[in-house]
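# Breakdown of the fold
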Amino acid sequence: MFSPEGPTLRELAVQALSSVERGYDLLAPKFDHTPFRTPDAVLDSVEQALEPLGPFEDGLDLCCGTGAGTDVLAGLCRHSVTGVDFSAGMLDVARRRAASERLSPATEGPGVAWVRADARALPFTAAFDLVVSFGAFGHFLPRELPGLFAQVHSVLRPGGRFAFPVLAPPRPSSPAYWMLFGFDSVMRVRNALWRPPFVMYYGAFRLGDVLAELTRAGFTVDLQTLPEFGRRGDGSPRVRLVSARRADGATPPQAA
Ligand SMILES: C[S@@+](CC[C@H](N)C(=O)[O-])C[C@H]1O[C@@H](n2cnc3c(N)ncnc32)[C@H](O)[C@@H]1O
């Protein structure tokens, strides 16, 4: 699962006993060698799906980590790209990687900024027309989603989009289901016994609830199949893109 450059089991255990923010600070130097970084195949597919919905000017990568999604935005946005994350360590890696890529010849593109902030309290006005997020929703409890989506709504211009991929959850008959169920159970025990909590639950982000909360937050939501990932036995898509549009002139929603 991990390459030789990835974290050791001991390092992962120390990270998992920290807060989410501190855990990612510790993991940052090796994060790009873990399966937690969003794979390029998903990033490329999302970029392709979003391209016809543009042009976009100013993009925000929410919970950007080492910058996987900012690369997607760099291909879609003409004016600026911002990555926001609360881990200084992750932002540091992102900043250094982006700077080294800028030194290579084929790097004309929008300006990139890195901002350290909590996604639940974003320090922006309605300055973006595209917000993306990859691989981070497991870090939010279901009760935090209304506030999180209200924050995203507030930083989007009228007509702006909030887009992110969602994987079909594994079926209870599959080993993957029981592996993720086991992981979530261990995290629940860990969080009952240990402070600070490390919030990471695979089963907590349910598509039906997410779509309902986005609608409540003032978005019009579309679901698009990402065809590269195929379909499951019952014909349902393995990966879909949620594309939520802030209605023109909508009044900011009230967080619950
Ligand atoms: C699994 S990583 C994903 C990073 C990147 N988006 C990717 O796909 O490779 C999750 C990221 O979410 C960030 N994160 C989690 N909760 C956050 C919060 N409340 N505010 C800002 N960042 C947060 C973590 O610091 C971490 O960098």
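Scroll up a little and you will see the structure.
Below is a short write-up of the structure.

The rules we used
- Residues numbered from 1 in each chain as written.
- Predicted model: local features only at pLDDT ≥ 70, side-chain atom pairs only at ≥ 80, totals over all residues.
- Heavy atoms only, no water.
- Core = buried A, V, L, I, M, F, W, Y, C linked by side-chain atoms within 4.5 Å.
- Buried < 20%, exposed > 50% of the residue type's maximum accessible area, 1.4 Å probe, protein only.
- Helix = DSSP H or I, 4+ residues; strand = E, 2+ residues; numbered from the N terminus.
- Contact = heavy atoms within 4.5 Å.
- Expected span 1.5 Å × (residues − 1).
- Arc of directions from axis to C-beta.
- Pairing = 2+ DSSP bridges.
- Axes fitted to C-alpha atoms, helices over the stretch in contact; angles between N-to-C directions.
- Salt bridge = Lys/Arg side-chain N within 4 Å of Asp/Glu carboxyl O.
- Lys, Arg positive; Asp, Glu negative; His and termini not counted.
- Polar contact = N/O pair within 3.5 Å; in protein donor to acceptor, adjacent residues only side chain to side chain.
- Right-handed = clockwise from strand over helix to strand, strands pointing away.
- Phe/Tyr/Trp six-rings, centres within 6.5 Å; stacked < 30°, edge-to-face > 60°.
- Lys NZ or Arg CZ within 6 Å of the ring centre and 35° of its normal.

### Looking at the nonpolar core
With 28 residues, the main nonpolar core has L62, V131, F162, F164 and L214 as its most contacted residues. Elements with a minimum of two residues in this core: β1 (56-62), β4 (128-133), α6 (145-155), β5 (156-167), α8 (207-216) and β7 (239-246). When residues of this core are assigned to their parent elements, the largest contribution, five residues, is made by α6. Leave out the neighbours within four places in its chain, and L62 touches V84, A119, L122, V131, V132, S133, F134, L148, V152 and F162. Of all hydrophobic cores here, the second largest spans 19 residues; its members include L43, V72, L76 and V81.

### Focus: helix α7 (residues 175-193)
Its 19 residues place the ends of α7 27 Å apart at the C-alpha level, agreeing with the 27 Å of an ideal helix rising 1.5 Å per residue. Buried residues of α7: D184, M187, R190 and N191, and no others. The buried residues of α7 occupy an angular sector of 120° when projected down its axis, which confines them to one face. In α7, the exposed positions that point more than 90 degrees away from the buried face belong to P175, W178, V186, A192 and L193.

### Remarks on the sheet that holds β7
Strands sit in the order β3-β2-β1-β4-β5-β7-β6 across an open sheet of seven strands; the sheet is mixed. For this open sheet the edge positions go to β3 (111-116) and β6 (219-225), each flanked by a neighbour on one side alone. Each adjacent strand pair in this sheet contributes to an overall mean axis angle of 20°, direction not counted. Direction of pairing for β4 relative to β5: parallel, over a ladder of four bridges.

### Here we look at the pattern of salt bridges
A full pass over the atoms with the stated rule returns 13 salt bridges. With a closest N to O distance of 2.8 Å, D118 and R120 form a salt bridge. What makes D118 partly exposed here is its relative accessible area of 24%. Look at R120 and you get partly exposed, because its relative accessible area is 36%. A salt bridge links E144 to R120, with the shortest nitrogen-to-oxygen separation between them at 2.7 Å. Here R120 lies in the loop between β3 and β4 and E144 lies in the loop between β4 and α6, a separation of 24 residues in the sequence. Among the ionic contacts, a cluster of salt bridges with common partners joins D32, R37 and D40.

### Points about the side chain of R190
As for its placement among the helices and strands, R190 is situated in helix α7. No salt bridge is formed by the buried R190; its nearest oppositely charged neighbour, D184, is found at 12 Å. Among the polar contacts listed, one links the side chain of R190 to the backbone oxygen of S18, at a separation of 3.1 Å. In contact with R190, other than residues within four places in its own chain, are A16, L17, S18, P196, P197 and F198.

### Here's the deal with unusual backbone geometry
Following G54, the chain continues into P55 via a peptide bond in cis, with omega recorded as 5°. If you trace the backbone, P55 turns up in the loop between α3 (40-50) and β1. Cis geometry marks the peptide bond from R195 to P196; its omega dihedral reads -5°. When you line up the elements, P196 lands in the loop between α7 and α8.

### Topic: the pairing of β4
For β4, the tally of buried residues reaches six of six residues, placing the bulk of the element in the interior. Here four bridges tie β1 to β4, and the two strands are oriented parallel to one another. In the sheet register, D61 faces β4, and the bridge partner there is V132. Regarding the hand of the β-α-β motif, the stretch spanning β4, α6 and β5 is right-handed.

### Observations concerning the packing of aromatic side chains
All chains considered together, the criterion is met by 14 aromatic pairs. Relative to F162, the ring of F149 lies with its centre 6.0 Å away and its plane at 65°, an arrangement referred to as edge-to-face. Note that F149 is positioned in helix α6 and F162 in strand β5, a separation of 13 residues in sequence. Relative accessible area serves as the criterion here: at 0%, F149 is assigned to the buried category. In this structure F162 comes out as buried when scored by relative accessible area, which is 0%. Put simply, the rings of F137, F149, F162, F164, F205 and F219 touch in pairs and so form one group of aromatic residues. For the cation-ring pair, R188 lies above Y201, with the distance from its terminal atom to the ring centre recorded as 4.4 Å.

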